[in-house]
Amino acid sequence: MSTSNAGPDNLGPAIQTADIEWRDGHPVSRTFGDVYFSRENGLKETRYVFLGHNRIEERFAALKPGAAFVVAETGFGTGLNFLATWRAWQAYAPSDATLHFVSVERYPLSLEDLERALSLWPELKPMAEALHQRYPALVKGSHRVVFAEGRIRLTLYFGDASEAWSNLRFTADAWYLDGFSPALNPGLWFERLIGQIAEHSRPGTTVATFTSVGAVRRALQAVGFAMKEAPGFERKRDILAGEITHNPSLASSSDRHRLPATANRDLPSVTIVGAGIAGALTARNLAERGRHVIVYSAGAMPADGASGNPQAALYVKLGVDYGPETQLALRALLHAQRTYSRYDPEHTRFWHPTGLIQLATDPKEADRQRRFLERHRYPADILRDVSPDEAKALSGSPVEMGGLWFPDSGWLEPPQLCRWLLDHPNIECKYGHTVTGVYAQSERWRLSFSHGDPHLSSQVVLTGGHRVASLLPEGHLYRFKSIRGQVTELPTNCIQNPRTVLCGQSYLNPAHGDYAVTGATFDLKTQDSAVLLASHQQNLDSLSRWLPNVWSKRTPPAAADLSGRVSFRCTTHDYQPVIGAVEGKGEPDGLYVFTGLGSKGFALAPLLAEWLTDRLCGEPECLEQALVSRLALARCRIPLDGA
Ligand code: SAM
């Protein structure tokens, strides 16, 4: 695992929250000595300055069905601008269009302050409640929050604006420059930041800001915005608004942040190979954004491979160092919890947020957890340490050690989840289709099958675990590992059922129906796909070691009486997932790989599928470039000399 970034402020995930003073019921920043919004009528002023001078309502109304529009903002604050834009979207945009709102916040409001501030606007109540419910944990970096059945996608970066704009990939249609006043917060108005704003713009991008300070106007003009002053809201000072007519930085800078002007929803259908969790989440996400998707699967139903166990714990292991792998794992876990709650809000389909305890089952793990907690501050709503008594009370089972409690985690029913994800009018599933290879043909990709006609597509995503390696075009040699895992189903009358997921040297899920799933083995040496007695015994022995009092009759059941399931996880040499384009000389774009999820697929896949869909649709990307580039396929390439 890599070491964390240098600097005391970078040592952990938690971000400092806003220091707020309430004056006449209105929030004021103690740090900056400025108001979040006008005390007369903040909502009206937002509509006048930011929406009005970006011609938001008119532009929303003019969008083509299925189009996407990107608003970017400096200073998320209370989210008032976001909610006002969402409201305008509801009123004016076509019902199947998508709004991306990309915002940054250096000092996020606490949940309590956010709720109090937004209670000022009864008209925005339903949206404020939704924001309150899904407001990201106060952790640094980029968070993607989805509202209104996928029509509103908020990318909220907790950190400094300049860091956000250099880490995120997007092109704005309209900018709201809403930091505190330049006199009180000069850092937000540096020329460098204005340069970054231009890099995320295109000819036609508009900007509005509440200030008319000359230095800000000149900096915006210098990067290509034609600026004009406009009267301020009610008797207030003038404001600035403008539009990029030419953009000098477009010609000179790399195209790192450049995306199609407005994402084009008239794109052809996307082809996905594999109907496990990676394929199903990507298909659903694309379908939600109006794309037609064809899913090919060799099996007769979804999730017949590594995603098909009857129960799966939603679990990641966070490192003592807060390096990129832990950053990705944490962000993915939080996004997974939000995604499954959005897809199954009543917890009746496949998601059981029972909480999860990672037990300190031996001195080594206890020491690791102690160092982990000493080193970093994690918000308690993500995780906290619990004593043996608390662990016992929370889980209702005879645990004898403390550990880390993840209150919003839990377990899933994978086959039900994958089936539900693929059940969408924009998704066409073709089961019993074994893909044998993918070849470049003109500007597209041709899929061949063990029987039947080939299929041509300009965008193809290969999921399906380690089999991906054998499907890639000639000259693409990559190495993945396939690791056998057998789970064991424990009849409920054999065990004292936990109420929460318990993770130790293996895991035990709360019972569902007649049994609780434990496992899984991690077999590097055998590729046997049959359920083996020896593997059941291994699962029983493991559970007896770290949870010796779990057996209701004091001893475990006989292995021969138990059922289970075998599958093969796909992993890589560095145990990190693989996602991104397949790049070959002279080959067309549009072929992607999404695999190597190991045993963390249910936690990692929702965020990675969200990012991949952003990329496939040419929309703002939800993950920092630095985190995604580490997951590229190239690192798994087998050197040509076979070394
Ligand atoms: N748009 C907000 C709303 O709708 O409530 C109000 C924004 S408030 C006037 C300015 C915000 O910019 C504050 O929340 C402040 O913490 C944030 N901010 C100030 N400097 C920043 C920086 N360098 N990077 C990111 N955010 C910053």
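Residues numbered from 1 in each chain as written. Predicted model: local features only at pLDDT ≥ 70, side-chain atom pairs only at ≥ 80, totals over all residues. Heavy atoms only, no water.

1. A closer look at the overall build of the protein
Thinking step 1. Tallying secondary structure elements over the protein gives 18 helices and 31 strands in all.
Thinking step 2. Among the 643 residues that make up the protein, the fraction classed as buried is 59%.
Thinking step 3. Sequence-distant contacts, at least 24 apart, represent 75% of the contacts inside the protein between residues at least 6 apart.
Thinking step 4. Accessible surface computed for the protein: about 25800 Å², of which carbon and sulfur atoms make up 50%.
Thinking step 5. Distance between charge centres in the protein, computed from 66 positive and 68 negative side chains, equals 2 Å. (Helix = DSSP H or I, 4+ residues; strand = E, 2+ residues; numbered from the N terminus. Buried < 20%, exposed > 50% of the residue type's maximum accessible area, 1.4 Å probe, protein only. Contact = heavy atoms within 4.5 Å. Areas by Shrake-Rupley, 256 points an atom, 1.4 Å probe, with all protein chains shown as cover. Lys, Arg positive; Asp, Glu negative; His and termini not counted. Charge placed at Lys NZ, Arg CZ, Asp CG, Glu CD.)

2. Re the packing of aromatic side chains
Thinking step 1. Per the stated rule, a full pass over the model turns up 24 aromatic pairs.
Thinking step 2. Ring geometry for Phe 82 and Phe 147: centres 5.7 Å apart, planes at 45 degrees, overall tilted. Residue Phe 82 is found in helix H3 (residues 80-92), and its partner Phe 147 is found in strand S6 (residues 141-147); the two are separated by 65 residues along the sequence.
Thinking step 3. Their ring planes at 55 degrees and their centres at 5.6 Å tell us that Phe 350 and Trp 420 sit as a pair that is tilted. On the criterion of sequence distance, the pair formed by Phe 350 in the loop between helix H11 (324-343) and strand S15 (351-352) and Trp 420 in helix H14 (residues 414-422) is long-range, its members being 70 residues apart.
Thinking step 4. For Phe 350, a relative accessible area of 1% corresponds to the buried category.
Thinking step 5. Ring pairing ties together the aromatic residues Phe 50, Phe 76, Phe 82, Trp 86, Phe 101, Phe 147 and Tyr 176, which thus form one cluster.
Thinking step 6. It is Arg 284 that lies over the ring of Tyr 343; its NZ or CZ is 5.9 Å from the centre. (Phe/Tyr/Trp six-rings, centres within 6.5 Å; stacked < 30°, edge-to-face > 60°. Lys NZ or Arg CZ within 6 Å of the ring centre and 35° of its normal.)

3. Observations regarding the pattern of salt bridges
Thinking step 1. Enumeration according to the criterion identifies 32 salt bridges in this entry.
Thinking step 2. Between Lys 236 and Glu 45 there is a salt bridge, and its shortest N-O distance comes to 2.9 Å. On the criterion of sequence distance, the pair formed by Lys 236 in the loop between strand S10 (225-230) and strand S11 (239-244) and Glu 45 in helix H1 (residues 42-53) is long-range, its members being 191 residues apart.
Thinking step 3. The exposure class assigned to Glu 45 is buried, which follows from its relative accessible area of 13%.
Thinking step 4. Glu 123 serves as the salt-bridge partner of Arg 47, at 2.9 Å between the closest nitrogen and oxygen. Of this pair, Arg 47 sits in helix H1 while Glu 123 sits in the loop between helix H4 (111-118) and helix H5 (125-134), and the two are 76 residues apart along the sequence.
Thinking step 5. Shared partners join several salt bridges into a network, and the residues in it are Arg 144, Arg 153, Glu 288, Arg 289, Arg 342, Glu 610, Asp 614 and Glu 619. (Salt bridge = Lys/Arg side-chain N within 4 Å of Asp/Glu carboxyl O.)

4. So, the site of the ligand
Thinking step 1. Not every one of the 22 residues close to the ligand is listed here, only the nearest: Gly 75, Thr 78, Glu 105, Asp 178 and Asn 185.
Thinking step 2. In this structure, Gly 75 approaches the ligand through a main-chain N or O atom, which is 2.7 Å from a nitrogen atom.
Thinking step 3. When the ligand sits alone it has 600 Å² of accessible area, and the protein chains cover 97% of it.
Thinking step 4. Of the residues belonging to the shell around the ligand, the class tally is nine nonpolar, eight polar and five charged. (Near = heavy atom within 4 Å. Polar contact = N/O pair within 3.5 Å; in protein donor to acceptor, adjacent residues only side chain to side chain. Nonpolar A, V, L, I, M, F, W, Y, C, P; charged D, E, K, R; others polar.)

5. Examining H4
A turn of α-helix holds 3.6 residues, and therefore any two residues three or four places apart point the same way.
Thinking step 1. Residues of H4 that are buried: Asp 113, Leu 114, Ala 117 and Leu 118. One face of H4 carries all of its buried residues, which in axial projection span an arc of 120 degrees.
Thinking step 2. Of the surrounding elements, those touching the buried residues of H4 are strand S1 (20-23), strand S2 (26-29), H3 and H5. (Arc of directions from axis to C-beta.)

6. Points about the sheet that holds strand S4 (residues 68-74)
Thinking step 1. Read from one edge of the open sheet, eight strands run S6-S7-S5-S4-S8-S9-S11-S10, paired in mixed fashion. Two strands in the sheet have a free side with no partner beyond their single neighbour: S6 and S10. Between one strand axis and the next, the sheet turns through 15 degrees on average, direction left out of account.
Thinking step 2. Pairing analysis gives four bridges linking strand S8 (residues 174-177) to strand S9 (residues 206-209), with the strands arranged parallel. By the bridge assignment, Tyr 176 is partnered in S9 with Ala 208.
Thinking step 3. Contacts between helix H8 (residues 214-222) and the sheet are confined to S8, S10 and S11, with S10 contributing the most and set at about 150 degrees to the helix. (Pairing = 2+ DSSP bridges. Axes fitted to C-alpha atoms, helices over the stretch in contact; angles between N-to-C directions.)

7. With respect to the nonpolar core
Thinking step 1. Core analysis: the largest hydrophobic core is formed by 74 residues, its most contacted members being Ile 277, Leu 314, Leu 318, Tyr 340, Phe 594 and Leu 608.
Thinking step 2. Counting residues per element, this core draws most heavily on helix H17 (residues 601-617), which supplies eleven residues.
Thinking step 3. The residue makeup of this core includes at least three contributed by each of domain 2 (267-353 + 411-479 + 573-643) and domain 3 (356-407 + 481-569).
Thinking step 4. Discounting residues that sit within four places of it in the chain, Leu 318 has contacts with Thr 326, Ala 329, Leu 330, Arg 368, Phe 372, Tyr 378, Leu 383 and Phe 406.
Thinking step 5. Core analysis: the second largest hydrophobic core is formed by 52 residues, Leu 80, Ala 84, Trp 89 and Leu 114 among them. (Core = buried A, V, L, I, M, F, W, Y, C linked by side-chain atoms within 4.5 Å. Domains from an automatic or database assignment.)

8. A few points about the packing of helix H10 (residues 277-288) against H14
Thinking step 1. The N-to-C vectors of H10 and H14 enclose an angle of 30 degrees; their axes lie 8 Å apart at closest approach. On the basis of the axis angle, H10 is roughly parallel to H14. Note on packing geometry: the crossing formed by H10 with H14 is left-handed. Two secondary-structure elements touch here, H10 through Ile 277, Ala 280, Leu 281, Ala 283 and Arg 284 and H14 through Leu 417, Cys 418, Trp 420, Leu 421 and Leu 422.
Thinking step 2. Residues that form the contact of H10 with H14 fall into these classes: nine nonpolar, no polar and one charged. (Parallel < 35°, antiparallel > 145°, perpendicular 65-115°, else oblique. Left-handed = near helix turned anticlockwise from the far one by under 90°.)

9. Describing the side chain of Glu 610
Thinking step 1. On the secondary structure map, Glu 610 appears in helix H17.
Thinking step 2. Not counting the four nearest positions on each side in its chain, Glu 610 is found in contact with Arg 144, Val 146, Arg 153, Asn 285, Arg 289, His 335 and Cys 622.

10. Overview of the environment of Pro 548
Thinking step 1. Tracing the sequence through the fold places Pro 548 in the loop between helix H16 (533-546) and strand S29 (563-571).
Thinking step 2. Placed 150 residues apart in sequence, Pro 548 and Pro 398 show a C-alpha to C-alpha distance of 8.4 Å.

11. Here we look at the domain arrangement of the protein
Thinking step 1. Entries for the protein in the domain assignment read domain 1 (20-252), domain 2 (267-353 + 411-479 + 573-643) and domain 3 (356-407 + 481-569).
Thinking step 2. Taking only C-alpha atoms into account, the centre of domain 1 sits 46 Å from that of domain 3.

12. Remarks on the sheet that holds strand S3 (residues 34-35)
Thinking step 1. Strand order in this open sheet of three strands is S1-S2-S3, and the pairing throughout is antiparallel. Edge strands, defined here as strands with exactly one partner in the open sheet, are S1 and S3.
Thinking step 2. As paired strands, S1 and S2 are joined by four bridges and run antiparallel to one another. Its bridge partner lying in S2, Trp 22 is registered against Pro 27.

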